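Examination of the molecular architecture
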Amino acid sequence: MKVTRLRFEHHGDALGIGEPEPRLSWTTTGTYRQQDAYEIEIRDAKGTVRSHTVRSSESVLVPWPGEPLSSREHRDVRVRLRTDGNELPGPWSDHHPVEAGLLTSDDWTCTAVSPDSDDPQAGDPRPAHLLRTEFELTGPVASARLRTTALGVHEIEINGSRTDDDVLAPGWTSYRDRLRYRTHDVTHLLRPGTNAIGAHLADGWYRGRLAFNGGIRDIYGDRTALLAQVEVHYTDGTTATFGTGPHWRSATGPITATCLLVGETHDARLERKGWSEPGFDDSDWYGVHEAALDTATLTAPTGPPVRRTEERIPVDSRRRPDGTVLLDFGQNLVGRLRIRVRGEAGHTVTLRHAEVLENGELCTRPLRGATATDRYVLRGAADGEQWEPRFTYHGFRYAELSDWPGDFDPADVTAVVLHTDMERTGWFECSDPALNRLHENVVWSMRGNFLDIPTDCPQRDERLGWTGDIQVFAPTASYLYDCSGMLDSWLRDLSADTRRDGGGVPPVFSPQIPVVIPFPVPEGNQPMAGWGDAAVVVPWVLHQRFGDLGILHRQYPDMRSWVETVDRAAGPGHLWTSEHQFGDWLDPTAPPDAAWQSSTPHALVATAYFARSTSLVAETARLLGRTADHDRFRALADDIKNAFVQAFVTAPGRLTADTQTAHALALQFDLLPDEQHRTASADRLARLVEEAGHTIGTGFLGTPLVCDALSEHGHLDTAYRLLLQRNSPSWLHQVELGATTTWERWDSMLPDGTVNPGEMTSFNHYALGAVADWMHRTVGGLAPAEPGHRTLLIRPRPGGGITWARAAHRTPYGTAEVHWREHDGTLTVDVRVPPATTAILDLPGVPSRRLGPGHHTHHS
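Residues numbered from 1 in each chain as written. Predicted model: local features only at pLDDT ≥ 70, side-chain atom pairs only at ≥ 80, totals over all residues. Heavy atoms only, no water.

1. Quick look at the packing of aromatic side chains
A full pass over the atoms with the stated rule returns 23 aromatic pairs. Look at Y206 and Y220: their rings are 5.9 Å apart centre to centre, the planes differ by 20°, and that puts the pair in the stacked class. With Y206 in helix α1 (residues 204-207) and Y220 in the loop between α1 and β16 (225-234), this residue pair connects regions lying 14 residues apart in the sequence. Like Y206, the residue Y220 is buried in the burial classification. Taken together, the aromatic side chains of W466, F509, W531, F582 and W585 make up a single cluster linked through ring pairs. Here the guanidinium or amino end of R447 rests over the ring plane of W444, the centre of that ring lying 4.2 Å away. Residue placement shows R463 over the ring face of Y393; its charged tip is 4.7 Å from the ring centre. (Phe/Tyr/Trp six-rings, centres within 6.5 Å; stacked < 30°, edge-to-face > 60°. Helix = DSSP H or I, 4+ residues; strand = E, 2+ residues; numbered from the N terminus. Buried < 20%, exposed > 50% of the residue type's maximum accessible area, 1.4 Å probe, protein only. Lys NZ or Arg CZ within 6 Å of the ring centre and 35° of its normal.)

2. Here's the deal with the nonpolar core
Judged by nonpolar contacts, the single largest core of 174 residues is most densely connected at W205, F450, W466, W585 and W731. At 12 residues, the largest contribution of residues to this core is made by helix α7 (residues 602-623). Apart from the residues lying within four places of it in its own chain, the contact partners of W205 are V153, L168, G171, W172, Y175, L210, Y220, L260, Y393 and L451. (Core = buried A, V, L, I, M, F, W, Y, C linked by side-chain atoms within 4.5 Å. Contact = heavy atoms within 4.5 Å.)

3. A short note on the sheet that holds strand β43 (residues 838-841)
The strand order β38-β39-β43-β44 describes an open sheet built from 4 strands, whose pairing is mixed. Because the sheet does not close on itself, it has two edges, and the strands there are β38 (782-784) and β44 (849-851). With direction set aside, neighbouring strand axes in the sheet form an average angle of 30°. For β43 and β44, the ladder comprises 3 bridges, and the chain directions are antiparallel. The residue of β44 that forms the bridge with I840 is R850. (Pairing = 2+ DSSP bridges. Axes fitted to C-alpha atoms, helices over the stretch in contact; angles between N-to-C directions.)

4. Comments concerning the packing of helix α2 (residues 433-449) against helix α14 (residues 772-779)
The geometry of α2 relative to α14 is characterised by a closest axis approach of 10 Å and an angle of 130° between their N-to-C directions. With respect to α14, the axis of α2 lies oblique. Once α2 is placed against α14, the crossing between them reads as left-handed. Of the residues in α14, those touching α2 at L435, L438, H439 and V442 are A772, M775 and H776. Among the residues making up the contact of α2 with α14, the classes are represented as 5 nonpolar, 2 polar and no charged. (Parallel < 35°, antiparallel > 145°, perpendicular 65-115°, else oblique. Left-handed = near helix turned anticlockwise from the far one by under 90°. Nonpolar A, V, L, I, M, F, W, Y, C, P; charged D, E, K, R; others polar.)

5. Description of the sheet that holds strand β12 (residues 161-162)
Across the sheet, which stays open at both edges, the 5 strands sit in the order β12-β11-β15-β9-β18 with antiparallel pairing between neighbours. Pairing within the sheet leaves two strands with one partner each, and these edge strands are β12 and β18 (249-252). Judged from the 6 bridges that link them, strand β11 (residues 153-158) and strand β15 (residues 193-202) form a sheet pairing that is antiparallel. Residue pairing for β15: V153 is matched across the bridge by A202.

6. Considerations on the pattern of salt bridges
Summed over the entire model, instances satisfying the criterion amount to 76 salt bridges. Of the charged contacts, one joins E99 and R145 as a salt bridge, the two residues approaching to 2.7 Å between their closest N and O atoms. Here E99 is found in strand β7 (residues 96-100), whereas its partner R145 is found in strand β10 (residues 141-151), with 46 residues between them in sequence. Residue classification places E99 among the buried residues on the basis of a relative accessible area of 5%. Between D842 and R797 there is a salt bridge, and its shortest N-O distance comes to 2.9 Å. Of this pair, D842 sits in the loop between β43 and β44 while R797 is found in the loop between β39 (791-794) and β40 (804-811), placing the two residues 45 residues apart along the sequence. What makes R797 buried here is its relative accessible area of 14%. (Salt bridge = Lys/Arg side-chain N within 4 Å of Asp/Glu carboxyl O.)

7. Side note on the pairing of β16
With 9 of 10 residues buried, β16 lies mostly within the body of the structure. Of the pairings in the sheet, the one linking β10 to β16 comprises 10 bridges and is antiparallel in character. Looking at β16, one finds that T149 is bridged to L227. Here β16 runs beside strand β17 (residues 239-243); their pairing, made up of 5 bridges, is antiparallel. Among the inter-strand pairings, V230 is bridged to a residue of β17, identified as F242. With antiparallel pairing between neighbouring strands as the criterion, β16 and β17 make up a hairpin whose turn holds 4 residues, including G237 at a positive phi of roughly 95°.

8. What about helix α4 (residues 484-500)?
Its 17 residues place the ends of α4 25 Å apart at the C-alpha level, agreeing with the 24 Å of an ideal helix rising 1.5 Å per residue. Extensive coverage of α4 is indicated by the burial of 14 of its 17 residues. (Expected span 1.5 Å × (residues − 1).)

9. Quick notes on the state of the cysteines
Within the structure shown, the criterion is met by 0 disulfides. Among the cysteines around C259, which has no disulfide bond, C457 carries the closest sulfur, lying 14 Å off. Among the residues examined, C259 registers a relative accessible area of 6% and is labelled buried. (Disulfide = S-S within 2.5 Å.)

The structure is reproduced here in structure tokens:
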């Protein structure tokens, strides 16, 4: 049995990491044997080898056994196992490199600089800038690392070549407290003698327009800056460092305007050939000046960057009588266009983007103040020219090209898909094509909105890290992709923002920025049920899905603080009655311009979430060995439950609010006093669904719970009829209307094909797609029974006329898979259990049983 996929923390690439003692995880290949012990061998740069043997069956996030890494230190690690009581170890894994980044602020010896070519008042949007310098290498290079970040967004070139494939680096963090930098291996780009390094630098999230009403500029500062440090090791053992400083030069370039919301304009006539190569004449360029960048805020990333992950060609195109070209890419996506074009110098091609058409034209009204328009001014190259915007992105399925010169060939336009480059880990399919399309819609909405942070929407003037959205979607996200590192980073921002709040309240979106929200909210940062609960729920989900107890250790102070904050707001009666709540946001009864006006009272929703988070904090305290905290929060959770029953439960099956969301919350958050009440409430919920014609009646907070509330309490058939309903409002009604991502509203598009008149009408929002978690667990039959999937629950519950389904998930231990099919009254289930795990097989009508690693087939 050989170790494969050795990983450090949650890194796919362990170059320049920020953890001096990274935990290790691995999977295995070969015939499975019970692991009794593991041996970790660590080799340092001098070739010194130290071996550490640990008697343990663990293989996920095991402690680092050696001396902590110091800044820049490189080590090679391999692992082998002892199994089944055999003292002879198995084969060694391959060596896997791990290398620390800069672990203290003193490791940064270069100075961040701002371009003197920049005038903060010059234009809206502002142009991007070019910065460059040259440096001398005195001999052959053994290795070289580039460490780089920016106040703004940037791309780096050395000797005319890109140093990496990151997009919109370094991303968006709570810049006052955290600024990510990345480390890149640039050994292959350097040569003895003169070398050149250059950077594109633009506003990005740091000082570009963000959020509502067309966006606000200069939120973090009015000057962009670049910090770059090249560290060279020569073959003779000596070292040298080069980087940003007062000797750099700056100039404007071909990007004359760029903004995440507005778009980008590129004048190819202004390109500076050879600007990032040695020997370029920059004598007419401006200088730079030192920027105020606090290196104490610099932090290595915990997850992957944004990258180009896919390209798509148009599925339909037509040139209209006015000369414009309308393109349909067949998929609502997030990214930008790459064009190949030939024409006269100075000719401008304009690219506009939209998610949907209305009356045959781009429907741009839902974009609000985000004009999402890119322009390319040709340089007039005889053999044509290619262009892709550099520092913007859009949410779109359709694009309109204006003033395209000459004949148009659809092959000359490509949609480039952008998102955080997470590893895909979850799949689902079944016999119903509409459900498969719904699942793909959920996947695409996650891809588009996991762009450095988990946003609500990718297209309009908002694009914020709303806490409520990720709170409900985290289980689905954790199945579909390895988002552990990305959400780890986002939780650090949430913690930083919470610490900056005078009352210690988590913001409703993070990174938090001062914006005017275009709907009624109370003054200040008031605790918001379902949104602030992300401080508790998201760490809990990451622990459950990835087996990471460490994240509970780190986030526990915030988790506890949130519950204590709500406890103060609720008072001694334990009822959270503040009406300043978002509530069950966008339930189907909410008016177009009043998303918060749900049919379920805010006090009921808020108190239910208070109870839920308190229970989770109590359980977290138990896992962490905090006995006093566990006892205190367990007692508080019981008191909240009693208060909920007294205030909102009038009789078995009767709540003061007779809504789908109210009953789902009461059932799934265990807020009913006994089995009689639970049965009656589930029966009433089923009746409400039936009375609504099996259409949905929930918003953001009720939707993730309603199918579970039905299926877990004797109403599986009703849950399936709700899931498979095609009348509005429903999940499949969106599919029937041609949706390729999940919508913000159940009726973002009206049955007649017109767009909902509300201001908040996104066609790419993942919150309502949280039902995919139920699809994975109940339709597919694959769920974790222990944190990290150490034990699996194989529990398919066929229904709804579906004759087969398949679910697969790459767990921390390897791939688990369930494939079931019904034929002539027989249910056949094929199961794949990964190494080092067990599974509980729970099929309808037969006793459950345990399965060991390997492939199994069962009939019932």
